[in-house]
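Remarks on the overall topology
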Amino acid sequence: MTLVEKTESSIREDVASASLDKVLARHGRIDLVPLPSDSPEDPLNWSSFRKNMLLALVAFHACLGPFSAACVIPSFEDFVVDFGITLTEASYLVSVPIVFLGTIPLLWAPVSNRIGRRPVYLASMLLSAAMQLASAYCTTYGSLMTTRVLVSVFICPPQSIGASTVSEVFFVHQKGQKMGIWALLVSVGPTIAPLIMGPLVYHTGQWQWTFYFLAIINFAHFILYIFFCPETLFDRPDRSNGSPTNIMVERVNTRKWHTPYTSFRRHSTEPWIRLPLNVISPLRYLTKPTILLPSLAYAITFTYTNVLLTVQIPALLGQKYLLNTQQVGLQFIAPFLGALLGEPIAGYGSDKWMQYRVRKAGGTRQPEWRLPFAIPGFLIAIVGLMIFGVQLQNTSAGVWNITPDVGSGIALFGLQLVTTVCTTYAIESQPGHTGQAALMVAFIRQMYAFTGPFYFTLQFDTMGTVNACGLLSGLIAIGMCFILLCILFGKSWRTGKEAISREQESTGDLSDEKVKV
């Protein structure tokens with residue numbers, strides 16, 4: 001027997017003695033984190049098609065939250081005529097749902113921990129479809145606002161449990177790519193919605209078709225969930241004790257293949273009376289500078305690029321260039337392309353930058369090393385916003401000009417750099433509490449973004465386009481200063497907490513993941 005054959009034989013014996021022979025046969029390797037069980041019901045053991053189909057559904061579901069919020073933007077002028085409201089009041093149909101997209105996920109996370117992911121996803125899509133259909137039959141501004149709020153309440157679960165679902169299905173070495181897909185769809189939702197709905201409303205002549213279309217999409221998504229969204233919460237046995245876990249695996253294997261689709265049960269014994277405490281408990285992370293400062297920096301940039309350049313397009317470009325509904329929707333091609341190009345560069349570039357810093361430091365890793373990659377993002381966002389403002393003011397009224405759209409595309413490109421780096425750093429700074437950190441990033445972003453549409457119109461009317469964009473660019477620069485503070489003092493803020501230091505030592509490998517919102 002050759003040396004190689006002896007080595008392979010020794011490895012097979014070691015694998016068998018550790019009861020990992022089925023893992024090796026199924027995955028071709030045993031250095032997996034987390035280590036799967038032998039049960040075919042374990043989400044980590046599902047086929048690639050089953051995993052990626054679920055990822056596509058959950059990522060698209062997450063996209064539908066901001067998509068639904070922004071879908072009415074091309075219909076603002078129709079709302080003004082039908083409901084007798086101002087253009088500013090019409091924009092509230094976007095801004096008010098934003099705040100619910102940021103707060104209600106705090107509720108869905110502990111609920112899904114108790115009853116499972118599948119029931120929450122199914123209920124979310126079915127109730128959202130019903131509310132979208134109800135929106136089409138609203139005849140007053142108040143009733144439409146009510147249904148819009150209810151849609152936000154029901155459609156937002158993936159904002160809190162979507163990342164958890166990805167983590168429950170994929171291994172650590174796969175999460176960076178899979179999280180990137182999920183994050184990209186969330187990012188392009190607000191820009192692609194008006195791009196689709198503008199031509200739809202223009203050619204049908206009815207804003208109600210916006211909600212007919214969404215109701216059809218949501219109900220079709222519900223049907224797909226029935227067949228392709230099994231339960232991902234799984235009581236994975238501890239393999240550290242070797243063979244005793246086989247008894248539990250045998251018991252699991254006696255269940256039917258359809259169990260993850262048809263079995264509804266409690267996954268947590270925590271009493272429901274503690275639900276209010278579970279909802280507000282993540283708020284304590286607002287006191288941590290390594291979460292608060294990057295989240296604020298991201299929220300400021302998000303509000304003055306993404307929100308401003310979507311909600312205000314009908315008022316700024318539509319009115320100046322006398323655009324119809326379809327033409328208003330087409331103005332979102334540029335920001336969509338900016339976000340689409342920025343996200344891959346942000347994810348790949350920040351990972352390469354981090355790998356370079358780790359190699360330079362001899363293998364050690366600090367989350368703060370990722371932050372300098374965000375600085376170009378702030379600067380690019382400022383440049384794009386100023387191009388938008390200057391060109392919008394200098395171009396002739398009534399004659400469409402592409403240069404403001406070029407500025408909006410540049411701004412959204414920069415935003416993606418900021419998004420990836422700031423959210424990843426906030427999560428990496430709390431490796432033992434990644435879910436809560438991600439939830440707080442989304443919460444701060446949505447709460448800050450909620451306020452923008454209430455003063456954008458007055459600000460631009462009073463100050464003028466260039467001055468208003470200059471002021472907002474200055475606020476983005478302040479957000480960049482928050483990141484500079486984290487670069488200088490982030491390590492001391494993290495290591496100054498003894499409890500957090502112990503968590504980092506015990507779960508340090510989690511910092512290598514690229515986890516995003």
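Source: prediction; values computed, not measured.

A closer look at the overall build of the protein chain
Tallying secondary structure elements over the protein chain gives 24 helices and zero strands in all. The proportion of buried residues among the 517 residues of the protein chain is 54%. The long-range fraction of contacts in the protein chain, counting pairs at least 24 apart against all pairs at least 6 apart in sequence, stands at 81%.

What about the packing of helix H3 (residues 48-70) against helix H5 (residues 87-103)?
One way to put it is that H3 packs onto H5 with a least axis distance of 8 Å and a crossing angle of 155°. It follows that H3 is roughly antiparallel to H5 by the angle criterion. Taking contact as the criterion, the partners of Gly 65, Pro 66 and Ala 69 in H3 are, on H5, Leu 93, Val 94 and Leu 101. Here the contact of H3 with H5 is built from residues that sort into five nonpolar, one polar and no charged.

As for the nonpolar core
Phe 79 and Phe 378 are the most contacted members of the largest nonpolar core, which totals 126 residues. For this core, the leading source of residues is helix H15 (residues 289-311), giving 12 residues. Setting aside anything within four residues of it in sequence, one finds Phe 79 in contact with Val 72, Gly 84, Ile 85, Ala 90, Leu 93, Leu 144 and Trp 207.

Remarks on the packing of helix H7 (residues 117-136) against helix H8 (residues 141-155)
Packed helix pairs are characterised by how far apart their axes lie and by the angle those axes make with each other. In contact at an axis separation of 8 Å, H7 and H8 are set at 165° when each is read in the N-to-C sense. When the axis of H7 is compared with that of H8, the two are roughly antiparallel. By crossing handedness, the relation of H7 to H8 is classed as left-handed. Seen from H7, the contacting residues are Ser 124, Met 125, Leu 127, Ser 128, Met 131, Gln 132, Ala 134 and Ser 135; seen from H8, they are Leu 144, Thr 147, Arg 148, Leu 150, Val 151, Phe 154 and Ile 155. Its residues assigned to classes, the contact of H7 with H8 shows nine nonpolar, five polar and one charged.

With respect to the confidence of the model for the protein chain
Within the protein chain, residue pLDDT values average 83, and 84% of them lie at 70 or more. Within the protein chain, H8 carries the highest mean pLDDT (96), whereas helix H24 (residues 498-506) carries the lowest (43). Below pLDDT 50 for its whole length, residues 243-252 participates in 13 contacts with residues either more than four positions away or in separate chains. This stretch, residues 498-517, has a pLDDT under 50; its non-local contacts, to residues over four places away or in other chains, come to 49 contacts.

Focus: the side chain of Arg 148
Along the chain, Arg 148 turns up in helix H8. With no salt bridge to any partner, buried Arg 148 finds its closest opposite charge in Asp 78, at an N-O distance of 14 Å. A distance of 2.6 Å separates a polar atom in the side chain of Arg 148 from the backbone oxygen of Ser 68. Arg 148 has contacts with Ser 68, Ala 69, Cys 71, Val 72, Leu 93, Val 94, Pro 97, Ser 135 and Phe 211, leaving out every residue within four places of it along the chain.

Here we look at a nonpolar patch on the surface
Side chains of Leu 484, Leu 485, Ile 487, Leu 488 and Phe 489 sit close together on the surface and give an oily, nonpolar patch of about 430 Å² of accessible area. Here Leu 485 lies in helix H23 (residues 465-495).

A word on the pattern of salt bridges
Any two side chains of opposite charge can pair if their charged atoms end up close together. Scanning the entire structure with this criterion turns up four salt bridges. Across the pair Glu 270 and Arg 114 runs a salt bridge, and its minimum N-O distance is 3.9 Å. A residue pair is termed long-range when its members are at least 10 positions apart, and Glu 270 in the loop between helix H13 (259-262) and helix H14 (275-280) and Arg 114 in helix H6 (residues 105-115) qualify at 156 residues. Relative accessible area serves as the criterion here: at 1%, Arg 114 is assigned to the buried category. Here Arg 494 and Glu 368 are joined by a salt bridge, their closest N and O atoms 2.7 Å apart. Taken together, the positions of Arg 494 in helix H23 and Glu 368 in the loop between helix H18 (333-360) and helix H19 (375-394) put the pair 126 residues apart, joining distant regions of the chain. With a relative accessible area of 3%, Arg 494 lands in the buried category. Shared partners join several salt bridges into a network, and the residues in it are Arg 114, Glu 270 and Arg 274.

Topic: the packing of aromatic side chains
The relation between two aromatic rings is expressed through the spacing of the ring centres and the mutual angle of the planes. Counted under the stated rule, the structure contains 17 aromatic pairs. Plain terms: the ring middles of Trp 353 and Tyr 356 are 6.0 Å apart, the flat faces sit at 40° to each other, and that makes the pair tilted. With Trp 353 and Tyr 356 both in helix H18 and three residues apart, this pair spans about one turn of that helix. Exposure remark for Trp 353: the relative accessible area of 28% places this residue in the partly exposed category.

Reading the values: rules and limits
Residues numbered from 1 in each chain as written. Predicted model: local features only at pLDDT ≥ 70, side-chain atom pairs only at ≥ 80, totals over all residues. Heavy atoms only, no water. Helix = DSSP H or I, 4+ residues; strand = E, 2+ residues; numbered from the N terminus. Buried < 20%, exposed > 50% of the residue type's maximum accessible area, 1.4 Å probe, protein only. Contact = heavy atoms within 4.5 Å. Axes fitted to C-alpha atoms, helices over the stretch in contact; angles between N-to-C directions. Parallel < 35°, antiparallel > 145°, perpendicular 65-115°, else oblique. Nonpolar A, V, L, I, M, F, W, Y, C, P; charged D, E, K, R; others polar. Core = buried A, V, L, I, M, F, W, Y, C linked by side-chain atoms within 4.5 Å. Left-handed = near helix turned anticlockwise from the far one by under 90°. pLDDT = per-residue confidence, 0-100. Lys, Arg positive; Asp, Glu negative; His and termini not counted. Salt bridge = Lys/Arg side-chain N within 4 Å of Asp/Glu carboxyl O. Polar contact = N/O pair within 3.5 Å; in protein donor to acceptor, adjacent residues only side chain to side chain. Patch = residues over 30% accessible without salt bridge, like charges linked within 9 Å, V, L, I, M, F, W, Y side chains within 5 Å. Areas by Shrake-Rupley, 256 points an atom, 1.4 Å probe, with all protein chains shown as cover. Phe/Tyr/Trp six-rings, centres within 6.5 Å; stacked < 30°, edge-to-face > 60°.

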